Amino acid sequence: MNLPQHYREILLGLGEDPQREGLRDTPERAAKAMQYLCHGYAQSLEEIVNGALFASTSDEVVIVRDIELYSLCEHHLLPFIGKAHVAYIPTGKVLGLSKVARIVDMYARRLQIQESLTRQIAEAIQSVTNAAGVAVVIEAQHMCMMMRGVEKQNSQMLTSVMLGAFRESSNTRQEFLQLIGRSK
Ligand SMILES: [Zn+2]
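Residues numbered from 1 in each chain as written. Predicted model: local features only at pLDDT ≥ 70, side-chain atom pairs only at ≥ 80, totals over all residues. Heavy atoms only, no water.

Peer 1: I tried to follow the overall build of the protein chain on my own but got confused; where do I start?
Peer 2: From N to C terminus, the protein chain includes eight helices and seven strands. Each of the three principal axes of the protein chain carries a C-alpha extent, and together these read 65 × 40 × 20 Å. Counting the 184 residues in the protein chain, one finds 41% classified as buried. If you take every contact in the protein chain between residues at least 6 apart in sequence, the share linking residues at least 24 apart comes to 67%. For the protein chain, the accessible area works out to roughly 10,400 Å², and carbon and sulfur atoms hold 51% of it. Charge separation in the protein chain, taken as the distance between the mean sites of 19 positive and 20 negative side-chain charges, equals 2 Å. (Helix = DSSP H or I, 4+ residues; strand = E, 2+ residues; numbered from the N terminus. Buried < 20%, exposed > 50% of the residue type's maximum accessible area, 1.4 Å probe, protein only. Contact = heavy atoms within 4.5 Å. Areas by Shrake-Rupley, 256 points an atom, 1.4 Å probe, with all protein chains shown as cover. Lys, Arg positive; Asp, Glu negative; His and termini not counted. Charge placed at Lys NZ, Arg CZ, Asp CG, Glu CD.)

Okay, structure coming up:
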């Protein structure tokens with residue numbers, strides 16, 4: 001069974017009439033939308049980075065802040081929406097700036113839980129740049145909490161993964177958290 005047919009079944013399961021005017025094209029549209037929201041499965045890290053690694057002698061922290069993030073939780077297939085902040089300490093190679101955002105997007109456009117998403121981004125940046133340290137913080141609001149269940153409208157979920165120097169040195173970690181406005 002293809003994806004539009006499954007959506008037709010969902011409509012029936014909800015007690016709807018998939019033949020009524022407003023819903024007639026909904027299964028096709030919903031299937032297309034879902035495929036778009038999950039297009040990260042069709043991408044790979046190699047394809048995204050595509051050689052955009054540049055030699056650099058800098059060993060200063062590179063931070064890309066406030067990267068918009070749209071993902072779907074794998075437990076409810078509902079969106080979670082927020083921002084990612086990514087930092088790394090280069091050891092000879094820096095990544096093209098837009099590539100960091102595209103790496104975030106590739107993993108976000110899959111069914112996810114926020115903790116794994118955070119880790120996958122950090123490990124991808126680490127493996128591509130061979131950085132001395134990588135830090136990723138994600139703050140997001142989950143529709144499965146806001147629209148159903150506990151209905152907590154203002155709760156943000158905060159996750160972080162620190163690798164290398166960000167894990168070992170509390171100064172380096174504090175500097176990063178300060179720069180993204182998250183230090184205590
Ligand atoms: Zn959920």
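Peer 1: Sorry, what's going on with the pairing of strand β2 (residues 62–73) here?
Peer 2: Successive residues of a regular strand alternate their side chains across the two faces of the sheet. As paired strands, β2 and strand β3 (residues 79–89) are joined by nine bridges and run antiparallel to one another. Opposite Ser71, over in β3, you have Phe80 as the bridge partner. Between the antiparallel neighbours β2 and β3 lie five residues, among them Leu77 with a positive phi of about 55°. One ladder, built from two bridges, connects β2 with strand β5 (residues 111–112); its direction is parallel. Directly across from Cys73, in β5, lies its bridge partner Gln112. (Pairing = 2+ DSSP bridges.)

Peer 1: Honestly, the environment of Lys83 in this entry has me stumped. Any pointers?
Peer 2: For Lys83, the position within the fold is in strand β3. On a C-alpha basis, the gap between Lys83 and Val137 in space is 8.3 Å, while along the polypeptide they are 54 residues apart. Aside from chain neighbours lying at most four places away, what touches Lys83 is Asp66, Ile67, Leu69, Val137, Ile138 and Glu139.

Peer 1: In this structure, what is going on with the packing of helix α1 (residues 3–13) against helix α2 (residues 26–37)? I would like to understand it.
Peer 2: Each pair of packed helices gets described by two things: the angle between the helix axes and the distance between those axes. Between α1 and α2, the shortest axis-to-axis distance is 8 Å and the interhelical angle comes to 120°. Put simply, α1 runs oblique to α2. For the crossing formed where α1 meets α2, the hand is right-handed. Between α1, through Leu3, Pro4, Tyr7, Arg8 and Leu11, and α2, the contact on the second element is made entirely by Thr26, Pro27, Glu28, Ala30, Ala31, Met34 and Gln35. Per-class residue counts for the contact of α1 with α2 are eight nonpolar, two polar and two charged. (Axes fitted to C-alpha atoms, helices over the stretch in contact; angles between N-to-C directions. Parallel < 35°, antiparallel > 145°, perpendicular 65-115°, else oblique. Left-handed = near helix turned anticlockwise from the far one by under 90°. Nonpolar A, V, L, I, M, F, W, Y, C, P; charged D, E, K, R; others polar.)

Peer 1: What should I look at first to understand the coordination of the zinc ion in this one?
Peer 2: The zinc ion binds to the protein through Cys73 (SG), His76 (ND1) and Cys144 (SG); the donor distances cover 2.1 to 2.3 Å. Coordination of the zinc ion draws on donor residues from a single chain, spaced C-x2-H-x67-C in sequence. Since its relative accessible area comes to 35%, His76 is described here as partly exposed. (Donors = N, O, S within 2.8 Å, 3.2 Å for Na, K, Ca; no water.)

Peer 1: Honestly, unusual backbone geometry in this entry has me stumped. Any pointers?
Peer 2: One can expect most non-glycine residues to show negative phi and most peptide bonds to be in trans. In this model, Asn50 sits at a positive phi of 40°, which is unusual for a non-glycine residue. Position of Asn50 among the secondary structure elements: in the loop between α3 (45–49) and β1 (53–55). Exposure remark for Asn50: the relative accessible area of 60% places this residue in the exposed category.

Peer 1: Just to check I follow, could you spell out the nonpolar core for this structure?
Peer 2: Inside soluble globular proteins, nonpolar side chains tend to come together where they are buried. The biggest cluster of nonpolar side chains holds 33 residues, and the ones touching the most others in it are Ile103, Ile121 and Ile125. Where this core is concerned, the elements lending two or more residues are α3, β2, β3, β4 (93–95), α4 (97–108), α5 (114–129), β6 (133–142) and β7 (157–164). Apart from residues lying up to four places away in sequence, Ile125 is in contact with Val86, Tyr88, Leu95, Val100, Ile103, Asn130 and Val134. Ala87, Ile89, Met162 and Ala165 belong to the second largest nonpolar core, which has 10 residues in total. (Core = buried A, V, L, I, M, F, W, Y, C linked by side-chain atoms within 4.5 Å.)

Peer 1: Please clarify how the domain arrangement of the protein chain should be interpreted in this entry.
Peer 2: Accessible area lost upon the coming together of the parts is a frequently used measure of interface size. Domain annotation for the protein chain reports domain 1 (3–37) and domain 2 (50–179). Between the C-alpha centres of domain 1 and domain 2 there is a distance of 33 Å. (Domains from an automatic or database assignment.)

Peer 1: Honestly, the sheet that holds β6 in this entry has me stumped. Any pointers?
Peer 2: The pairing of strands in a sheet comes from backbone hydrogen bonds and takes either a parallel or an antiparallel form. Within the open sheet, the five strands sit side by side as β5-β2-β3-β6-β7. Their pairing is mixed. The open sheet has two free edges, formed respectively by β5 and β7, since each of these has just one partner strand. On the sheet, helix α8 (residues 170–179) packs against β2, β3, β6 and β7 and is oriented at approximately 135° with respect to β3.

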